[in-house]
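A look at the structure
Each chain is listed here by its residues.
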Amino acid sequence: MNTAMRSSDASSFMMDLVFPPDIYCLCCGDAMEGSRVHGICDGCAQKIDWYTENPYRRDMDIFAFDDLWPCCRYGFYPRRIIAGFKLGARPYASRPLGRLMAERLAMTGEKDLILAPVPMHLEKQRKRGFNQSHLLAKEISRISGEAFEGGLLEKTRKTASMRMSSGSVRRMLLDDSIVLAEGASQKILGRHVVLVDDVVTTGTTADSCARLLKQAGASRVSVLCFVVSPIYTAMDTQEENDV
Ligand SMILES: [Zn+2]
């Protein structure tokens, strides 16, 4: 066992001590006696629209990614969970959410993957204290045993808040804000890369990332997320990625 591995195990253990998992519901905050869903009480779990289909399956020719694997559909309850995770500064929420997403990944039966988080601008990450996609991808990697690569992509500049904007507008704004990191190509040549994000709304961010990863030689790019908001509802929903 190398030093990096030991330090990662140690930080994982510390996180369990400081934030005992599955004691309070990530959604309503009530104490949980037990639950069938990781970190979410049975009452809240019943109100979530669990959804594992690819909502863009009829429009896949417009996207550079090959498949999309969500856990649930956008709504009041998933929005509360994600807002608590990102705005409520609860990095420990990546543990139960990561476990849920690892189970979604296992449903696909896909193996020999590279898990890559959607990048966040460093300034935004400093402000929040963490990149939620990075934490999720690391947790999914720890559970699934699939490889984690945290630095394949970089967000070079902040993009303006794009609430209520259409997919095409977002695409125009985002196309050149994400770039490949140096040396990314050697790591992903001929490999199946799984992009990890907490929320996929219009699919534009995932598309920008997937396009770059394919250009760099990835044989396949899939997207794994907690919440998906299908493109036809994008105009009516708040853009969680920009909060
Ligand atoms: Zn609850």
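Residues numbered from 1 in each chain as written. Predicted model: local features only at pLDDT ≥ 70, side-chain atom pairs only at ≥ 80, totals over all residues. Heavy atoms only, no water.

Evaluated as defined, the whole model comprises four aromatic pairs. When the centroid spacing of 5.2 Å and the interplanar angle of 85° are considered together, the rings of Phe76 and Tyr77 count as edge-to-face. Residue classification places Phe76 among the exposed positions, given a relative accessible area of 54%. Each residue in the set Tyr56, Phe63 and Phe65 is aromatic and connected to the rest through ring pairs, giving one cluster. (Phe/Tyr/Trp six-rings, centres within 6.5 Å; stacked < 30°, edge-to-face > 60°. Buried < 20%, exposed > 50% of the residue type's maximum accessible area, 1.4 Å probe, protein only.)

What follows concerns the coordination of the zinc ion. On the protein side, the zinc ion has Cys25 (SG), Cys28 (SG), Cys41 (SG) and Cys44 (SG) as donor atoms, found 2.3 to 2.4 Å from it. With four donor atoms in place around the zinc ion and angles of 104 to 114° between them, the coordination shape is tetrahedral. Between consecutive donor residues of the zinc ion, the sequence gaps follow C-x2-C-x12-C-x2-C. With Cys25 in the loop between helix H1 (3-18) and helix H2 (42-47) and Cys44 in helix H2, this residue pair connects regions lying 19 residues apart in the sequence. Cys25 gets classed as buried once you look at its relative accessible area, which sits at 3%. (Donors = N, O, S within 2.8 Å, 3.2 Å for Na, K, Ca; no water. Tetrahedral: all angles 85-135°; square planar, octahedral: opposite > 155°, others 65-115°. Helix = DSSP H or I, 4+ residues; strand = E, 2+ residues; numbered from the N terminus.)

With that out of the way, let us pick up the environment of Ile82. Mapped onto the fold, Ile82 is located in helix H3 (residues 76-86). Of the residues examined, Ile82 reaches a relative accessible area of 0% and is grouped as buried. Remark: the alpha-carbon pair of Ile82 and Phe226, spanning 144 residues in sequence, is separated by 8.9 Å.

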